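Breakdown of the fold
Letter by letter, the chains look like this.
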Amino acid sequence: MSDQNPPFGLARNLTNYGDPDFARYLRFSMAKSMGISRASLAKPVVGIVNSFSEFNNCHRTVPELVAAVKRGVLAAGGLPLEFPTISLGEVFLNPTSLFFRNLMSMDTEEMIKGQPMDAVVLIGGCDKTVPAQLMGAVSAGLPTVQLVTGPMMTARWHGERLGACTDCRRFWAQFRAGAIDEKTIDEVEGNLATTAGTCAVMGTASTMASVAEALGMMLPGTAAIPAVHADRIRAAEASGAAALALARAGKTILDIITPRSIENALRVLLAIGGSTNAIIHLTAIAGRAGIDISLHRLNELSDTTPVLVDLKPTGSFYMEDLHAAGGIGAVLRELKPLLHLDCLTVSGNTLGERLSCLDQYVDHGVIRSLREPLQPQGCLVALFGTLAPDGAILKRAAASPQLFETTGRAVVFSSLQDLSQRIDDPELDVLPEDFLVLQNAGPFSESAMPEAGYLPIPQKLGRTGVKDMVRISDARMSGTAYGTVVLHVSPDASSGGPLGLVRNGDRIRLSIKERRLDLLVDDAVLASRRQKTSHASPAPARGYARLYRREIMQAQYGCDFDFLRKNPTRT
Ligand code: FES
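Here the structure is a predicted model, which is why all the values come from computation and not from measurement.

**A short note on the pairing of strand E14 (residues 516-519)**
Relative to E14, strand E13 (residues 507-511) runs antiparallel, the two being bridged by four bridges. Counted as the bridge partner of serine 511 is arginine 516 from E14. Joining the antiparallel neighbours E13 and E14 is a turn of four residues, in which arginine 515 adopts a positive phi near 60°.

Written out as structure tokens, the structure reads:
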């Protein structure tokens, strides 16, 4: 073993005792205590990230995926070794899963770098897990394959098809408006999420799976396979073999994640009606490779990328339908004229080679053609203006076109607590044409940018049939939500952005055509308000919360920690 040059498998990354031969001898001795033969210990190692957790329903199937990845690695002649990382279950975390995304990325990066492996298979699924894993893996820089747990199947209830979580929101809005009673909402609760897997619509988890396939980081055709489909287990087996093949070919994640593959991923994000969260995550992943994503470039791509996929929350279908309709492969084939085809994928082929076979099945009822798209432009648009000097995001595909060019009166909520206390107050001074504004819910706030940007319609308006209003905040929105919701306003209110200076009654102008979001208040008035406004509360005294507050960046930097980016802005 001491002759390996360069060292591979368990001989990599030796523990530092000041005596490498001793370290190697001790490691192999301990490894043998696990009952692994000397022949197996001499093989290249594929690490398998096991993010199973009973606090993460979306990762229920991870153990069987790990077993299948191991089969694939063994059959290809490698030694598979699984290891745990933290897991992020979207609805089980306080204050929000985004708060922990960078922590999971650090765990993933350091365990890949610190342990002896030649390649790694990442198994993730729920919203923040895939971004965290890709961010960490980019920083670690090994041959890497992403595998996802896959989406849930839909359920049937009273003749209706239900899937988490666009339908969750639809029924909750009906309950709030008094249209359905408590017994009905209890029944719905039991029928929204009935299988293992991630949310059944084009929410953040499905978007990030699709984006990962478009980046070339997942095996072709694997993003949309339902969690409980046998193909999902076969995909896991193939992912194990692919990771080993990448190691043998000397191809790392940095050969796959490049400026051109990032643009491909943005195209796909825009064409699938993807989640607003994905722009934050993709920016963070790219930042780990030293690649900047500009929101102005996003707008250019959005102008020339139509929405093709008819999935909830912007359309009608569910992820299982996308899989049956041809999956992300079919989307990529439709987008082919717009893509960089020379990008390498984890299969070892380029994207162009993958797409060279044009006669594959596609159901155009679910995946429209480039000539007859669902919408002529991409699903996301970035806005700039005096209210958002560094940008904001709107999912125009999920918004109401009649609200695109409007000026409204601000009804301001200064925090999440203020929102929950007053939004349903019968005395609240609010009209359907007003703009609801939420402050202090951005990355620098105590609430750490929760998915609270989908402000509820005030109950007294909801009961009169109002279904959408312009809502503006520095928060995020679940990928499963919809409405005319302006998000990620930057700089956020807690770090001194103009959003924190908005007061009840101010006029705000929204223009999607001009990509503008402007606060129509005199500079002198704003300057005087600024003097009287206090910003974020003091930094937490200790622990990860302290690190978060010290290092968190704004949305246009992907809410990464500055020191984790390849090119930090601070030195
Ligand atoms: Fe995990 Fe929706 S709760 S993807």
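**Looking at the state of the cysteines**
Enumeration over the complete set of coordinates arrives at one disulfide. Note that cysteine 165 is cross-linked by a disulfide to cysteine 168, the S-S spacing being 2.1 Å. Torsion about the S-S bond of the cysteine 165 and cysteine 168 cystine: about -90°, corresponding to left-handed handedness. Of the cysteine sulfurs around cysteine 343, a residue in no disulfide, the closest is that of cysteine 357, at 20 Å. In this structure cysteine 379 is not part of a disulfide, and its nearest cysteine sulfur, from cysteine 199, lies 17 Å away.

**Digging into the packing of helix H6 (residues 166-176) against helix H7 (residues 182-189)**
Put simply, H6 and H7 touch, their axes get as near as 10 Å, and they point 170° apart. Relative to H7, the element H6 lies roughly antiparallel. Contact residues: H6 offers Phe171, Trp172 and Phe175, while H7 offers Glu182, Ile185 and Val188. Taken together, the residues of the contact of H6 with H7 sort by class into five nonpolar, no polar and one charged.

**Looking at a negative patch on the surface**
Together, Asp181, Glu182, Asp186 and Glu189 give the surface a local cluster of negative charge. Here glutamate 189 shows up in helix H7.

**Things to note about the nonpolar core**
Counting 101 residues, the largest nonpolar core has Ile112, Ile123, Ile257, Ile262, Leu266 and Leu322 as the members making the most contacts within it. Per-element tally for this core: the top contributor is helix H11 (residues 259-271), with seven residues. If near-sequence neighbours (up to four positions away) are discounted, isoleucine 257 is found in contact with Val138, Leu215, Met217, Ile262, Ile285, Ala289 and Ile291. Counting 28 residues, the second largest nonpolar core, distinct from the first, contains Leu383, Leu394, Ala410 and Val521.

**Side note on the side chain of asparagine 56**
Along the chain, the position of asparagine 56 falls in the loop between strand E1 (45-50) and helix H3 (62-75). On the basis of relative accessibility, which here comes to 1%, the residue asparagine 56 falls in the buried class. Sequence-distant contacts of asparagine 56, that is, excluding residues within four places in its chain, are made with Ser87, Leu88, Gly89, Cys126 and Thr129.

**Quick look at the environment of cysteine 199**
Tracing the sequence through the fold places cysteine 199 in the loop between H7 and helix H8 (204-215). You can call cysteine 199 partly exposed: its relative accessible area is 22%.

**Describing the packing of helix H4 (residues 97-114) against helix H5 (residues 129-140)**
Taken N-terminus to C-terminus, the directions of H4 and H5 make an angle of 40°; their axes are 7 Å apart at the nearest point. With respect to H5, the axis of H4 lies oblique. Handedness of the H4/H5 crossing: right-handed. On H5, the residues that touch Arg101, Asn102, Met104, Ser105, Thr108, Glu109, Ile112 and Lys113 of H4 are Thr129, Pro131, Ala132, Gln133, Met135, Gly136, Ala137, Ser139 and Ala140. Broken down by class, the residue content of the contact of H4 with H5 amounts to seven nonpolar, seven polar and three charged.

**Digging into the pairing of strand E7 (residues 380-385)**
Counting buried positions along E7 gives six out of six residues, so the element sits mostly inside the fold. Burial of E7 is two-sided: the residues Leu380, Ala382 and Phe384 facing one way and the residues Val381, Leu383 and Gly385 facing the other way are all buried. In terms of strand pairing, E7 meets strand E8 (residues 388-395) through five bridges, oriented antiparallel. Residue pairing in the sheet places alanine 382 in a bridge with isoleucine 393 of E8. Here E7 hands over to E8 after two residues, the two strands then running antiparallel side by side.

**Comments concerning empty space enclosed by the protein**
On inspection of all chains with the given rule, the structure shows two cavities of 30 Å³ or more. Contributing to the lining of the largest cavity are 13 residues, with Leu295, Ile393, His488, Ala555 and Gln556 lying nearest its centre. Counting only elements with at least two residues in the lining of the largest cavity, the list comes to helix H12 (277-288) and E8. In terms of residue count, the dominant contributor to the lining of the largest cavity is E8 (four residues). By residue class, the composition of the lining of the largest cavity is seven nonpolar, five polar and one charged. Looking at the second largest cavity, its volume works out to about 50 Å³. Take the lining of the second largest cavity: its biggest share by element is three residues, from H8.

**A short note on the side chain of glutamine 554**
Locating glutamine 554 in the fold gives a position in the segment after helix H20 (543-551). For glutamine 554, the side chain forms a polar contact with the side chain of serine 495, separated by 3.3 Å. Beyond its immediate chain neighbours, meaning those up to four positions away, glutamine 554 contacts Pro443, Phe444, Ser490, Pro491, Asp492, Ser495 and Cys559.

**So, unusual backbone geometry**
Look at the link from lysine 312 to proline 313: it is a cis peptide, with omega at 10°. Its place among the elements puts proline 313 in the loop between helix H13 (295-303) and helix H14 (319-325). The omega angle of the peptide bond from serine 490 to proline 491 is 0°, so this bond is cis rather than trans. Although it is not a glycine, alanine 448 adopts a positive phi angle of roughly 60°. Following the sequence through the fold, alanine 448 ends up in the loop between strand E10 (435-438) and helix H18 (459-462). The residue histidine 488 is not glycine, and still its phi comes out positive at about 55°. You can see histidine 488 is positioned in the loop between strand E12 (485-487) and E13. Take histidine 488: its relative accessible area is 3%, and that puts it in the buried class.

So, how was this worked out
- Residues numbered from 1 in each chain as written.
- Predicted model: local features only at pLDDT ≥ 70, side-chain atom pairs only at ≥ 80, totals over all residues.
- Heavy atoms only, no water.
- Pairing = 2+ DSSP bridges.
- Helix = DSSP H or I, 4+ residues; strand = E, 2+ residues; numbered from the N terminus.
- Disulfide = S-S within 2.5 Å.
- Axes fitted to C-alpha atoms, helices over the stretch in contact; angles between N-to-C directions.
- Parallel < 35°, antiparallel > 145°, perpendicular 65-115°, else oblique.
- Contact = heavy atoms within 4.5 Å.
- Nonpolar A, V, L, I, M, F, W, Y, C, P; charged D, E, K, R; others polar.
- Patch = residues over 30% accessible without salt bridge, like charges linked within 9 Å, V, L, I, M, F, W, Y side chains within 5 Å.
- Areas by Shrake-Rupley, 256 points an atom, 1.4 Å probe, with all protein chains shown as cover.
- Salt bridge = Lys/Arg side-chain N within 4 Å of Asp/Glu carboxyl O.
- Lys, Arg positive; Asp, Glu negative; His and termini not counted.
- Charge placed at Lys NZ, Arg CZ, Asp CG, Glu CD.
- Core = buried A, V, L, I, M, F, W, Y, C linked by side-chain atoms within 4.5 Å.
- Buried < 20%, exposed > 50% of the residue type's maximum accessible area, 1.4 Å probe, protein only.
- Left-handed = near helix turned anticlockwise from the far one by under 90°.
- 1 Å grid on protein atoms, 1.4 Å probe; cavity = no way out; pocket = protein on both sides within 12 Å on 5 of 7 lines; lining within 4 Å.
- Points joined across faces, edges and corners; volume = space filled by probe spheres on them.
- Polar contact = N/O pair within 3.5 Å; in protein donor to acceptor, adjacent residues only side chain to side chain.

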